[in-house]
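# Architecture and fold: a report
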Amino acid sequence: MAHSPTAVAFLLLLLLFFLSPALSLTSPSLQTASASSPKNNSTSSGSSFALSTSFLSTLRSTLDEIQKLISVLSTFSDVLGGDLRLSSAVSDCLDLLDLSSDELSLTISASQPSTTSTAASAAAEGTGKRLSDLRSWLSAALGNQDTCKESLDGTSSVVGSLVGGGLQTVTSLVANGLRQVPAGSGRRRLMGKASEGFPAWLSAGDRRLLQAPAGVAADAVVAQDGSGQYTTVGAAVEAAPTESTKRYVIHVKRGVYKENVEIKKKKWNIMLVGDGMGQSIISASRNFVDGWTTYRSATFAVSGKGFIARDLTIENTAGPSKHQAVALRSDSDLSVYYRSSFLGYQDTLYAHSLRQFYRDCLITGTVDFVFGNAAAVFQNCVLLARRPLPDQKNSVTAQGRKDPNQNTGFSLQFCNVSADADLAGLTNSTASYLGRPWKEYSRTVFMQSYLGGLLRPEGWLEWNGNFALDTLYYAEYMNYGPGSGLAGRVKWPGYRVLTNSADAVNFTVGQFIDGNLWLPSTGVKYTSGLTA
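Residues numbered from 1 in each chain as written. Predicted model: local features only at pLDDT ≥ 70, side-chain atom pairs only at ≥ 80, totals over all residues. Heavy atoms only, no water.

Before going further, it helps to spend a moment on the overall build of the chain. Helix and strand content of the chain: twelve helices and 26 strands. Within the chain, the proportion of its 532 residues that are buried is 60%. The contacts in the chain between residues at least 6 apart in sequence include a share of 73% that link residues at least 24 apart. Carbon together with sulfur atoms contributes 52% to the accessible area of the chain, which is approximately 20000 Å² in total. (Helix = DSSP H or I, 4+ residues; strand = E, 2+ residues; numbered from the N terminus. Buried < 20%, exposed > 50% of the residue type's maximum accessible area, 1.4 Å probe, protein only. Contact = heavy atoms within 4.5 Å. Areas by Shrake-Rupley, 256 points an atom, 1.4 Å probe, with all protein chains shown as cover.)

As structure tokens, then:
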């Protein structure tokens, strides 16, 4: 009997699986990597530092493992066209492993002496605060494999079991590397004159762009009526330069653009400017029920660093019955979302990885409608819980920190958590909570925010029994409103009420995402500390 192409591919992969040590949990690279933190060889000059040879060796071994996994998964990509969820999952894994590879390469480059061109290149991609950059890149690389596994777990294929060992090997190696990065903040390295008041690796013109009135000068214009160079957002993004160190502005004129848009990793420093919330709308409806993975369901997905969105609406219109349906997914480091709305139901906003800032935004949803494992600060945002399915409970956040050394978490400051119009009047029969722990070290802080009466007195919801209740970090600080009462809050070991400003300041823009190093030049309004 003749074998189908898919069967042949499976046989080939089985052979690769048993012959390649890269896909085994007993990888020699993992065995030889030191589990303890070696002596740090950082220099004190602030201009450069070099971590131990063990650290660099671990990361280089990890890159080798990633490339072997990519090679194996690529075998599937040509033979799975008929299975949407499986082909989506394989595409997710290829993209995520590619991101991990880039993040590890940046880490290696930034760990070299500053006299090398690679170190200078890496510095241009971060904030110049080396240890903070390293922890951010490694934290992102650590989580990518989990997302790949989650996508594969949603299929009935054997692909997940074939590459599961390799994914775990990569995760373990990255975790080993992350443990070796000192917890100190490191010394800031200025890339330009201190008197300039903003980092030179970001354009000073960003301030003017964000504060400019409608009709801002743009490099490209998208208009449905043909008055611009492009009629779709995707076409304008595709035509944008790659790896640009200069800001590239795309003006999206008012209208509803029914398309899925992806800004890939080499599209740097793109800025999308709309004509206002509810005026320039990017809309689509991919969802899990119809066969997409959660990661691939996003209406708008961005991986290129330095992305800025202003005056836009991004929505997923699939509705609550379609379950996971993402509006925005962001893997963009040092990205800003300003005066924009993200509308959906379950899993509306996927802050997947790296450093992100949201200001004056509107976010709607039901189950886990702000989720992911980025280091993200939401400031002066409105979060509206909508009416879920009859058997569902609303959870505003589901943060996904899986390792105590990751610098990730969600901080929500000066925000408003309330019921949307379709939930108003039903809050007594619909349970709504501030968050639930998606991963073992989930970290979320609400501070100086208005908490509406829709919230249950306990405030927070279990994920599955006692899972993560000892290891999570959930906190509240100086909130107000009918849902802010603390008397009935959960008694979990990981939950705390912050009463000291010295503790709360760790979750502010200036401290948590090093916002003072990169936000000033964007021009977006922000509060660095605890006072507006």
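So, about the state of the cysteines. One pass over the structure, following the stated rule, counts one disulfide. Two residues, Cys 93 and Cys 148, share a disulfide whose sulfurs are 2.0 Å apart. Measuring the twist about the S-S bond at about 95°, one finds the Cys 93-Cys 148 disulfide to be right-handed. Residue Cys 93 is located in helix α4 (residues 84-110), and its partner Cys 148 is located in helix α6 (residues 130-153); the two are separated by 55 residues in the primary sequence. Note on Cys 93: relative accessible area 0%, which makes it buried. (Disulfide = S-S within 2.5 Å.)

Next up on the list: the confidence of the model for the chain. On average, residues of the chain carry a pLDDT of 85, and 81% of them reach 70 or more. Across residues 1-48, confidence stays below pLDDT 50; counting only partners more than four residues off in sequence or on other chains, it has 79 contacts. When the criterion is pLDDT under 50, residues 185-202 qualifies, and its contacts beyond four places in sequence or with other chains add up to 38 contacts. (pLDDT = per-residue confidence, 0-100.)

The subject of this paragraph is unusual backbone geometry. Backbone geometry at His 323 places phi at a positive 60°, although glycine is not the residue there. Structurally, the position occupied by His 323 is in the loop between β9 (313-316) and β10 (328-330). Phi at Gln 448 takes a positive value of approximately 55°, unusual for a residue other than glycine. Relative to the helices and strands, Gln 448 is located in the loop between β23 (443-447) and β24 (450-451).

The next thing to look at is the sheet that holds strand β22 (residues 432-435). Read from one edge to the other, the open sheet built from seven strands follows the order β4-β7-β10-β13-β16-β19-β22, with strand pairing classed as parallel. Two strands close off the open sheet at either side, each with one partner strand: β4 (261-263) and β22. In this sheet, neighbouring strand axes are inclined to one another by 15° on average, regardless of whether the strands run parallel or antiparallel. With three bridges connecting them, strand β7 (residues 300-302) and β10 associate as parallel partners. By the bridge assignment for β10, Ala 301 is matched with Arg 329. (Pairing = 2+ DSSP bridges. Axes fitted to C-alpha atoms, helices over the stretch in contact; angles between N-to-C directions.)

What follows concerns the side chain of Ser 139. The topology assignment puts Ser 139 in helix α6. Within the structure, Ser 139 has its side chain in polar contact with the backbone oxygen of Arg 135 (distance 2.6 Å). One polar contact links the side chain of Ser 139 to the main-chain amide nitrogen of Asn 407, over a distance of 3.1 Å. Discounting residues that sit within four places of it in the chain, Ser 139 has contacts with Leu 178, Asn 405, Gln 406, Asn 407 and Thr 408. (Polar contact = N/O pair within 3.5 Å; in protein donor to acceptor, adjacent residues only side chain to side chain.)

Time to look at the packing of α4 against α6. Helix packing geometry: the angle between the two helix axes and the distance between the axes. α6 packs onto α4 with a crossing angle of 165° between their chain directions and a minimal axis gap of 8 Å. Here α6 runs roughly antiparallel to α4, going by the angle between their axes. For α4 against α6, the interelement crossing comes out left-handed. Partitioned by chemical class, the residues of the contact of α4 with α6 number 16 nonpolar, six polar and three charged. (Parallel < 35°, antiparallel > 145°, perpendicular 65-115°, else oblique. Left-handed = near helix turned anticlockwise from the far one by under 90°. Nonpolar A, V, L, I, M, F, W, Y, C, P; charged D, E, K, R; others polar.)

Another point: the pairing of strand β3 (residues 255-258). On β3, burial follows the alternation: Gly 255 and Tyr 257 on one face are buried, whereas Val 256 and Lys 258 on the facing-out side are not. As paired strands, β3 and strand β6 (residues 280-284) are joined by four bridges and run parallel to one another. Bridge assignment links Val 256 to a residue of β6, and that residue is Ile 281.

By size, the foremost hydrophobic cluster in this structure holds 56 residues, and its most contacted members are Ile 250, Leu 272, Phe 300, Tyr 358, Phe 378 and Leu 383. If you look at the next biggest cluster of nonpolar residues, it comprises 50 residues, including Leu 56, Val 90, Val 174 and Val 326. (Core = buried A, V, L, I, M, F, W, Y, C linked by side-chain atoms within 4.5 Å.)

Quick look at the packing of aromatic side chains now. This model, assessed by the stated rule, comprises 18 aromatic pairs. Consider the rings of Tyr 358 and Phe 378, whose centres lie 4.5 Å apart with planes at 15°: the pair is stacked. Placement of Tyr 358 in strand β14 (residues 355-359) and of Phe 378 in strand β17 (residues 375-379) is noted, with a sequence separation of 20 residues between them. Just as Tyr 358 is buried, Phe 378 falls in that class too. Residues Phe 507 and Phe 512 carry aromatic rings whose centres are separated by 5.7 Å and whose planes lie at 45° to one another, so their mutual orientation is tilted. Phe 512 sits in the buried class, given a relative accessible area of 12%. Directly above the ring of Tyr 345 sits Arg 386, whose terminal nitrogen or CZ lies 4.2 Å from the centroid. The ring centre of Trp 463 lies 3.9 Å from the NZ or CZ of Arg 436, which sits over that ring. (Phe/Tyr/Trp six-rings, centres within 6.5 Å; stacked < 30°, edge-to-face > 60°. Lys NZ or Arg CZ within 6 Å of the ring centre and 35° of its normal.)

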